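Descriptive analysis of the structure
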Amino acid sequence: MIKKSILQKLRKDYLSPSLSLSYEEPLHIVKGVAQYLYDKDGKKYLDAINNIQHVGHCHPRIIEAAYIQSKKLNTNTRYLDEVIVNYAKAITSKLPNDLNICFFTNSGSESNDLALRLARNYTHNPETIVLDGAYHGHLISLIEISPYKYNSPGGSGCSDFVHAIPMPDSFRGKYRGLDTGGKYANELKKILNEIKSNVRKPATFIAESVMGCGGQIIPPKTFFKKAYQMIKNSGGICIADEVQIGFGRLGQNFWGFEFQDIKPDIITLGKSIGNGHPLSMVITNKKIADRFNNGMEYFNSFGGNPVSCAIGHEVLNVIKEERLQQNAHKVGTFLKKMLTELKHRYSIIGDVRGEGLFLGVELIKDKKTLDPEKDKTHYLVNQMKKKGVLLSADGPDHNVIKIKPPLVFNKDNATFLVETMDLILKKV
Ligand code: PMP
């Protein structure tokens, strides 16, 4: 097998320097099975971070579905094909009745870009409202609306048609406490008034119902309900970015927007829906889709091809038959409880939050100031990796440990993760 040092050199010689590698000592992973990854020396890692391989690495049923359809046919959406329509029917059956028109794409970014096109075409207006700290993708159109990127090194700040609501973070945000939903919604009211006084046109609001890159943030109750109501009353369009949180990850609900008890006009899907295959989607209602049908064809060379749809359909089947949403709820609740117990023992843990298998552990310097503890977060993530648990850190201050494993994660895995974290925290 190729030596690690040679691999590192080849990567340096031929790949873009703006691609990063995880961990101080990069991993050379050669095999994946369910919730485990194996490096070139056969060392086994518990993958507690990969939310793309949703039903598990190299799931045999997903591989089989890809193989069978690949042997038969792979074309595009310009032919009648039952695999494509059957998948569209199956996925929309998981959604409110009027969210029933599908567009296929190849990445979460492509989905969000298309969703913006649909919304802007509907409102005839580019005004876009986002949550501070949010990430929606790597295309120009999405860097522009992602504070996570435009406010970071290399970013060029907020464009005049973009408006960011302060991150609805009840732990360390502008307003703190669980009853702050109204205060954050009030910030949106101010933005809407400002838009109204300048352009008098409705805007698009795009958000994750539970924030991922923002740091596993669960916005305080009532925020989203009030926000959606205001946007809809002003004639705007609500886009729910489900790229990270959809598909049963939150346990009690299949979709993030259900968790907030809201109904979007457009949803965008990606990551998990193809279990690693580049499949993603935009789903909307007939009114929005019909207005988009203005003479300009929507064609996507790869999006929605029969192989992608066969894979997507099998992912849905596996989630149902292996009861993975229920598992996310059961194991996620167990893990959150154990992490909360750890929080009571270590003052460095400021907050444990999340739902299902989408959890965050926020590290702070002290309980009074709540100042972020970035260095020790980085240290903890690297030590966990050394001991065989893969995690990562995120949030605007890089002090939130993210836990979002394949949904086959079990209670033994959860116990191992917490015991390993305990061992390391003892020495921090
Ligand atoms: N939306 C969210 C919420 C994401 O987390 C991401 C990726 N991290 C994207 C969109 C973009 O998806 P992709 O990387 O597939 O383009």
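The structure contained in this document is the topic of the report that follows. This one's a predicted model, so the numbers in the text were calculated from it and none came from an experiment. Each chain carries its own residue numbering, running from 1 in the written order of its sequence. Given that this is a predicted model, residues contribute local features only at a pLDDT of at least 70 and side-chain atom pairs are listed and counted only at 80 or more, while totals for whole chains, interfaces and linings are drawn from all residues. The basis for the side-chain values is all heavy atoms of the structure; hydrogens and waters are excluded.

Regarding the overall build of the protein chain
Note the cut-off: Put simply, DSSP H or I for four residues or longer makes a helix, DSSP E for two residues or longer makes a strand, and each gets a number counted from the N terminus. Both definitions apply: the radius of gyration is a C-alpha atom measure, and the globule rule equals 2.2 Å times residues to the power 0.38. Exposed residues in this analysis have more than 50% of their type's maximum accessible area, buried residues have under 20%, and partly exposed residues fall in between, with area computed by a 1.4 Å probe over protein chains only. In this description, contact between two residues means that some pair of their heavy atoms is separated by no more than 4.5 Å.
Each helix and strand counted, the protein chain has 14 helices and 15 strands in total. Its C-alpha atoms give the protein chain a radius of gyration of 22 Å, within 12% of the compact-globule value 22 Å for 428 residues. If one aligns the C-alpha atoms of the protein chain with their principal axes, the spans along those axes are about 60 × 60 × 45 Å. Here the protein chain holds 428 residues, and 55% of them are scored as buried. Considering only contacts in the protein chain between residues 6 or more positions apart, those separated by 24 or more positions represent 71%.

Remarks on the packing of aromatic side chains
As a reminder, the rule being used: Any two of the Phe, Tyr and Trp rings considered here, Trp counted by its six-membered ring, make a pair once their centres fall within 6.5 Å; the pair's planes then place it as stacked at under 30 degrees, edge-to-face at over 60, or tilted in between.
All told, the structure shown has 13 aromatic pairs when counted by the stated rule. Ring centres of Y87 and F104 lie 6.3 Å apart, and the angle between their planes is 25 degrees; on these two criteria the pair is classed as stacked. With Y87 in helix α3 (residues 82-92) and F104 in strand β4 (residues 101-105), this pair connects stretches of sequence that are 17 residues apart. The exposure classification of Y87 matches that of F104, with both residues buried. Note on F103 and F292: the rings are 5.9 Å apart at their centroids and 80 degrees apart in plane angle, and the pair reads as edge-to-face.

Section: the site of the ligand
Let me state the cut-off plainly: Throughout, the term near means that a residue has one or more heavy atoms lying within 4 Å of the molecule or strand in question. Any pair of N or O atoms that falls within 3.5 Å is considered a polar contact. Within protein, one atom must be able to donate a hydrogen and the other to accept it, and sequence-neighbouring residues count only if both atoms are side-chain atoms. Using a 1.4 Å probe, accessible areas were evaluated by the Shrake-Rupley method; residue-level cover was limited to the displayed protein chains.
Around the ligand sit 13 residues in total, of which G108, S109, D241, Q244 and K271 are the nearest. Here D241 contributes a side-chain N or O atom positioned 2.8 Å from a nitrogen atom of the ligand. Q244 has a polar side-chain atom sitting 2.8 Å from an oxygen atom of the ligand. For the ligand, whose accessible area on its own is 390 Å², the fraction buried by protein is 85%. The dominant element in the shell around the ligand, judged by the number of residues it contributes, is helix α4 (residues 108-123), at three residues.

Observations concerning the pattern of salt bridges
Note the cut-off: Take a side-chain nitrogen of Lys or Arg and a carboxyl oxygen of Asp or Glu: if they are within 4 Å of each other, that pair is a salt bridge.
Counted by the stated rule, this structure contains 20 salt bridges. Of the charged contacts, one joins R353 and D351 as a salt bridge, the two residues approaching to 2.7 Å between their closest N and O atoms. In terms of burial, R353 and D351 fall into one category: buried. When salt bridges that share partners are traced, they join R172, D351, R353, E362 and D397 into one network.

Side note on the environment of I206
On the secondary structure map, I206 appears in strand β7 (residues 204-207). Since its relative accessible area comes to 0%, I206 is described here as buried. In this structure, the C-alpha to C-alpha distance between I206 and Q383, residues 177 residues apart in sequence, is 36 Å. The contacts of I206, once residues within four sequence positions are left out, are N112, T128, I129, V130, L131, H136, I145 and I239.

Considerations on unusual backbone geometry
The phi angle at Y23 is positive, at roughly 75 degrees, despite the residue not being glycine. By secondary structure assignment, the location of Y23 is in the loop between α1 (4-14) and β1 (29-33). On the basis of relative accessible area, Y23 is assigned to the buried category, the value being 15%. The phi dihedral of Q216 is positive, around 50 degrees, even though this residue is not glycine. Mapped onto the secondary structure, Q216 falls in the loop between β7 and α8 (223-233).

Re the sheet that holds strand β11 (residues 349-355)
For clarity, the cut-off: A pair of strands is labelled paired if DSSP reports no fewer than 2 bridges between them. Each axis is a line fitted through C-alpha atoms, and for a helix only the stretch in contact is used; angles between axes span 0 to 180 degrees, taken between their N-to-C directions.
The four strands lie next to each other as β11-β12-β15-β14, forming an open sheet whose pairing is antiparallel. Two strands close off the open sheet at either side, each with one partner strand: β11 and β14 (392-394). Neighbour to neighbour, the strand axes of the sheet diverge by 30 degrees on average, direction disregarded. Taken together, the three bridges between β14 and strand β15 (residues 400-403) define a ladder with antiparallel strand orientation.

Some points on the nonpolar core
Rules: Residues belong to one nonpolar core when they are buried, are Ala, Val, Leu, Ile, Met, Phe, Trp, Tyr or Cys, and are joined through side-chain atoms within 4.5 Å.
I129, F205, F247, L339, L417 and M421 are the most contacted members of the largest nonpolar core, which totals 90 residues. Beyond its immediate stretch of four places on either side in the chain, L417 contacts A48, L335, L339, M384, V389, L391, I403 and F409. Within the second largest apolar cluster, 21 residues are counted, among which are F103, L118, Y122 and V162.

Some thoughts on a nonpolar patch on the surface
Put simply, the rule is: Residues enter a patch when their relative accessible area is above 30% and they make no salt bridge; the linking distance is 9 Å between like charges and 5 Å between nonpolar side chains (Val, Leu, Ile, Met, Phe, Trp, Tyr).
On the surface, M1, I2, I6, L10, Y14, L15, L19 and V30 cluster together into a nonpolar patch covering about 820 Å² of accessible area. Examining the composition of the nonpolar patch, we find that three residues originate from one element, α1, more than from any other. In this fold, I6 is placed in helix α1.

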